[in-house]
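Structural overview for review
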Amino acid sequence: MNFIQIVDYVGTFAFAISGIRLASAKQFDWFGAYVVGFVTAIGGGTARDLLLDVTPFWMTQPSYLIITGLALIFVLISGKWLIRLSNTFFIFDTIGLGLFVVVGIEKSLEAGFPFWVAIVMGMITGSVGGITRDILINEEPLIFRKDIYALACVFGGIVFYFCTILHLNAEFTQFIAALSVIIMRVVAVKFHLGLPVLKGEN
Amino acid sequence: MNFIQIVDYVGTFAFAISGIRLASAKQFDWFGAYVVGFVTAIGGGTARDLLLDVTPFWMTQPSYLIITGLALIFVLISGKWLIRLSNTFFIFDTIGLGLFVVVGIEKSLEAGFPFWVAIVMGMITGSVGGITRDILINEEPLIFRKDIYALACVFGGIVFYFCTILHLNAEFTQFIAALSVIIMRVVAVKFHLGLPVLKGEN
Amino acid sequence: MNFIQIVDYVGTFAFAISGIRLASAKQFDWFGAYVVGFVTAIGGGTARDLLLDVTPFWMTQPSYLIITGLALIFVLISGKWLIRLSNTFFIFDTIGLGLFVVVGIEKSLEAGFPFWVAIVMGMITGSVGGITRDILINEEPLIFRKDIYALACVFGGIVFYFCTILHLNAEFTQFIAALSVIIMRVVAVKFHLGLPVLKGEN
């Protein structure tokens, strides 16, 4: 198990927790919460793999089902105490996001798609899980309104692109791109930065 | 037309009815109700087939479109009288569920996936149709809160697995697995059994 | 760039505008509105391509991302003035719909599917974008309740079928089929025609 894999599992755990917590706020039962947690964790990568026409990643090894199970147990045990951990989870979640984006980009390039497709796939990998979670709990997807989330994914993709143009080392490129996503998201949340809202006609 | 196919069509009919009835409660027009009924009936198998990367089953023969049409006509004709049939539909629906789970498991194993994937696909085949129905009518998916539904699918999958380990006859395995789903669901509804609810922080 | 392509781009632009406008009514931020506009424009064709197991069309050329960007800029610039253009957009949107249906039918026939599948795919191409848009903004899909939309797609498909049986010229068939969709939709909206509503039991 290498470093990338550990970060991937940590990100999966954090994404699953976010799904389980929101499902619990809606009074879902244990199994429903598990399903929402799982879909949150694997939804983005699954959408990406279907679009790229490769076998969805979680169908090749049971780790993701198991990690979601651990996330459910963790939520059940920790109870109210979990709320105090919000900041910790925000960090895990954001690190996971950075990695998910990088994995999405790499998989798309390996499948032979051009860079602009890879950037879109990076964003899809990072954000479709959260969108599906919000649809399942019947809420408007948060990411369309709060903070800078999907845009941080795109930003990371663009950084990845420029690193590639500059022929930087592959590992370094991955690291810088993931870090860009993380920094942009942390800065946006810390300083309450957001995109302007489209003024509707109503 | 063999026995399996008849049960498959009966299950499709019952699933379509459930979609059409819920759409009618939301004042959808005839065509909208037809679409919701169709998606309820074929949604699970379609999700499974996309994940397994095989041609969605309903695209290989028009029977499923036709059965949904019959279901719509049936709802239109029967009117208020349909409510009294609720118990009958519950039985059809549950028998359909049992079969859908078994079909989902078999198709996944044939496609060369390991058993744990097949169990997940059995659950997806049985439950994604109802989840999509609830998303289309803009309600929280029922199965995450009421009775034991998705869990009955998983239980049937585990029974299927043990029958396979014991080298039981294929038809017998199918029968026992489908029956397990049906019994677990009937018992859960009859005795109002449900999973514990996750206590949310709100 | 031939005539078909121009119509395709105009339709994409009109579909994207409809997504962006509805997102703005829900106070989505610029990027959220862009995503909703994009999904509205490409959702139908993407669902079709996933079901047909071909590469989603928008992943082969960046035009659709760019056109959605132009649509966002257009909405930002035009402001309140856009409301007065509603009728113009209705025409663009409907012309786009007619073309999307024809493209959906042709792609399915090329992929070797029978005609009844092609008609369903024509409808999916024309209507899934709007359905996904409504799910993302957490509203009941409009097309299930208002005007004749999905049914116009099916009608166009049936006209396409009869033109094919009569061995009419391919371009002429496309034109007549698209025109049938457009006329049926315009007539339905102009005379407030709709399908009967299914009376629910509640």
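Residues numbered from 1 in each chain as written. Chains lettered and ligands numbered in written order. Predicted model: local features only at pLDDT ≥ 70, side-chain atom pairs only at ≥ 80, totals over all residues. Heavy atoms only, no water.

With respect to the overall build of chain A
As a reminder, the rule being used: Put simply, DSSP marks the helices as runs of H or I at least four residues long and the strands as runs of E at least two long, and each gets a number from the N terminus on. The globule rule used here is 2.2 Å times the number of residues to the 0.38 power, and the radius of gyration it is set against is calculated over C-alpha atoms. Each residue is assigned to one of three classes by its accessible area relative to the maximum for its type, calculated with a 1.4 Å probe on protein chains only: buried under 20%, partly exposed between the two thresholds, exposed over 50%. Contact definition: two residues touch when any of their heavy atoms are within 4.5 Å. Only the protein chains shown count as cover for residues, with accessible areas throughout obtained via the Shrake-Rupley method and a probe of 1.4 Å. When charges are tallied, Lys and Arg are placed among the positive residues and Asp and Glu among the negative ones, while His and the ends of the chain are skipped. By convention, the point assigned to a charge is CZ for Arg, NZ for Lys, CD for Glu and CG for Asp.
Within chain A one finds eight helices and zero strands. The linear arrangement of helices and strands in chain A, starting from the amino end, is α-α-α-α-α-α-α-α. Compactness check: chain A gives a C-alpha radius of gyration of 17 Å against a globular reference of 17 Å for 202 residues, within 12% of the reference. Principal axes of the C-alpha set define a box for chain A whose edges measure 50 × 45 × 30 Å. A burial count over chain A gives 56% of its 202 residues as buried. Considering only intrachain contacts with a sequence separation of at least 6, the fraction spanning at least 24 residues in chain A is 72%. Per element, the accessible surface of chain A, about 8700 Å² overall, is 69% carbon and sulfur. Here chain A contributes 12 positively and 13 negatively charged side chains, and the mean placements of these two sets differ by 12 Å.

Looking at the nonpolar core
Keep this limit in mind: Each nonpolar core is a collection of buried residues, namely Ala, Val, Leu, Ile, Met, Phe, Trp, Tyr and Cys, held together in the definition by side-chain atoms within 4.5 Å.
Core analysis: the biggest nonpolar cluster contains 190 residues, and Trp58 of chain A, Trp58 of chain B together with Trp58 of chain C have the highest contact counts within it. For this core, the leading source of residues is helix H2 (residues 30–52) of chain B, giving 12 residues. When neighbours within four sequence positions are excluded, Trp58 of chain B is seen to be in contact with Phe38, Ile42, Thr46 and Tyr64 of chain B together with Leu51, Trp116, Val120, Met121 and Ile124 of chain C.

Thoughts on the interface of chain B and chain A
Defined as follows: Salt bridge criterion: a side-chain nitrogen from Lys or Arg within 4 Å of a carboxyl oxygen from Asp or Glu.
On the side of chain A, 34 residues touch chain B, which itself brings 31 residues to the contact. Seen at the junction of chain B and chain A, the total is one salt bridge. For Lys26 of chain A, the salt bridge identified is with Glu140 of chain B, shortest N-O distance 3.3 Å. Of all the elements in the fold, those that place two or more residues in the side of chain B that touches chain A are H2, helix H6 (115–136) and helix H7 (150–165) of chain B. Of all the elements, H6 of chain B adds the most residues to the side of chain B that touches chain A, at eight residues.

Quick word on the interface of chain B and chain C
Note the threshold: Accessible area that two parts lose when put together, with a 1.4 Å probe and added across both, is what the buried area reports. Counted as a polar contact is a pair of N or O atoms within 3.5 Å, where, for protein atoms, one must be capable of donating a hydrogen and the other of accepting one, and residues adjacent in sequence contribute only when both atoms are in side chains.
Taken together, the 34 residues of chain B in the interface contact 31 residues of chain C. With both sides pooled, the region where chain B packs onto chain C buries about 2700 Å², and carbon together with sulfur makes up 70% of that total. Summed over the shared surface of chain B and chain C, the number is one salt bridge. For the interface between chain B and chain C, the tally reads three residue pairs in polar contact (both at pLDDT 80 or more). Broken down by secondary-structure element, the contributors of at least two residues to the side of chain B that touches chain C are helix H1 (3–25), H2, helix H3 (63–78), helix H4 (81–84) and H6 of chain B. Considering each element in turn, the side of chain B that touches chain C owes the most residues, eight residues, to H2 of chain B.

Side note on helix H6 (residues 115–136) of chain C
Residues and elements named next belong to chain C. Our working definition: Between the first and last residue of a helix there are one fewer steps than residues, each counted as 1.5 Å, and that sum is the expected span. In this scheme, the bend at a residue equals the angle between the axes fitted to the seven residues that finish there and the seven that begin there.
Taking 1.5 Å of rise per residue, 22 residues should cover 32 Å, and H6 covers 31 Å from first to last C-alpha, within 8% of that figure. Its maximal kink placed at Ser127, H6 deviates by approximately 40°. Two residues or fewer after H6 comes Asn138, characterised by a positive phi angle close to 60°.

A look at the relation of the copies chain B and chain C
To keep it simple, the criterion reads: Only residues with pLDDT of at least 70 in both copies contribute their C-alpha atoms to the least-squares superposition of the copies.
The transform that puts chain B on chain C rotates by 120° and translates by 0.0 Å along the axis, for an RMSD of 0.0 Å. Such a combination of rotation and displacement between the chain copies is what one expects of a three-fold axis. Interface overlap between copies is the fraction of interface residues in one copy that are interface residues in the other; for chain B against chain C it is only 12%, indicating separate surfaces.

Some words on the packing of helix H5 (residues 86–110) of chain B against helix H8 (residues 170–190) of chain B
When two helices pack together, their arrangement is given by the angle between their axes and by how far apart the axes lie. Residue and element names in this part refer to chain B. In plain terms, the rule: Every axis in this analysis is a line fitted to C-alpha atoms, fitted for helices over the stretch in contact. Angles between the N-to-C directions lie between 0 and 180 degrees. Here the word oblique covers every angle except those under 35 degrees (roughly parallel), over 145 (roughly antiparallel) and from 65 to 115 (roughly perpendicular). By definition, turning the near helix anticlockwise from the far helix through less than a right angle yields a left-handed crossing, and turning it clockwise yields a right-handed one. For this classification, the nonpolar set comprises Ala, Val, Leu, Ile, Met, Phe, Trp, Tyr, Cys and Pro, the charged set comprises Asp, Glu, Lys and Arg, and every other residue, Gly included, is treated as polar.
Across the interface, H5 lies against H8 with an axial gap of 8 Å and an inter-helix angle of 140°. Of the possible angle classes, the one that applies to H5 and H8 is oblique. Like other packed secondary-structure pairs, H5 and H8 cross with a definite hand, here right-handed. Residues Phe90, Thr94, Ile95, Leu97, Gly98, Leu99, Val101, Val102 and Glu106 of H5 pack against Gln174, Ala177, Ala178, Val181, Ile182, Arg185, Val186 and Val189 of H8. For the contact of H5 with H8, the residue count by class is 12 nonpolar, three polar and two charged.

Quick notes on the relation of the copies chain B and chain A
Superposition of the two copies of the chain requires a rotation about an axis and a shift along the axis. Mapping chain B onto chain A is achieved by rotating through 120° and translating by 0.0 Å along the same axis, at an RMSD of 0.0 Å. The share of interface residues of chain B whose copies in chain A are also at the interface is only 13%, consistent with the copies meeting through different surfaces.

So, empty space enclosed by the protein
In plain terms, the rule: Cavity and pocket criteria rest on a 1 Å grid covering protein atoms alone: a 1.4 Å probe that fits but cannot get out defines a cavity, protein on both sides within 12 Å along at least 5 of 7 lines defines an open pocket, and an atom within 4 Å of a point defines a lining residue. Grid points are joined across faces, edges and corners, and a volume is the space filled by probe spheres set on the points.
In total, this model carries four cavities of 30 Å³ or more according to the counting rule given. Of the volumes computed, that of the largest cavity is approximately 70 Å³. Lining the largest cavity are Asp134, Ile135, Asn138 and Glu139 of chain A, Asp134, Ile135, Asn138 and Glu139 of chain B together with Asp134, Ile135, Asn138 and Glu139 of chain C. Classifying every residue of the lining of the largest cavity by side-chain character gives three nonpolar, three polar and six charged.

Considering helix H7 (residues 150–165) of chain C
Compared with the 22 Å implied by 1.5 Å per residue over 16 residues, the 23 Å span of H7 of chain C between its first and last C-alpha is a close match. Along H7 of chain C, the residues classified as buried are Ala150, Ala152, Cys153, Val154, Gly156, Gly157, Val159, Phe160 and Cys163 of chain C. Each element contacted by the buried residues of H7 of chain C is listed here: H2 of chain B together with helix H5 (86–110), H6 and helix H8 (170–190) of chain C. Directly beyond the C-terminal end of H7 of chain C, a positive phi value near 55° is found at His167 of chain C.

A look at the side chain of Asp49 of chain C
Residue and element names in this part refer to chain C. Position of Asp49 relative to the elements: it lies in helix H2 (residues 30–52). When its relative accessible area of 0% is taken as the criterion, Asp49 is described as buried. A polar contact is formed between the side chain of Asp49 and the side chain of Arg48, at a distance of 2.9 Å. In terms of polar contacts, Asp49 uses its side chain to reach the side chain of Lys107, at 3.1 Å. If near-sequence neighbours (up to four positions away) are discounted, Asp49 is found in contact with Val54, Thr55, Pro56, Phe57 and Lys107.

Describing the state of the cysteines
Residues and elements named next belong to chain B. Selection criterion: Cysteine sulfur atoms that come within 2.5 Å of each other are treated as a disulfide pair.
Under the defined criterion, the tally for this structure stands at zero disulfides over all chains. Cys153 takes part in no disulfide bond, and the closest cysteine sulfur to it belongs to Cys163, at a distance of 16 Å. For Cys153, a relative accessible area of 0% corresponds to the buried category. Residue Cys163 is classed as buried on the basis of its relative accessible area, which comes to 6%.

A look at the environment of Thr132 of chain A
Residues and elements named next belong to chain A. Mapped onto the fold, Thr132 is located in helix H6 (residues 115–136). On the basis of relative accessible area, Thr132 is assigned to the partly exposed category, the value being 25%. A sequence separation of 88 residues divides Thr132 from Gly44, and the C-alpha atoms of the two residues are 8.6 Å apart.

A word on the pattern of salt bridges
Taken as a whole and assessed by the stated rule, the structure comprises 15 salt bridges over all chains. Among the ionic pairs, Asp49 of chain C bridges to Arg48 of chain C, the shortest N-O distance being 2.9 Å. Assigned by exposure class, Asp49 of chain C and Arg48 of chain C land together as buried. Salt bridges here are not isolated pairs; linked through shared partners, they connect Lys26 and Glu139 of chain A together with Glu140 of chain B.

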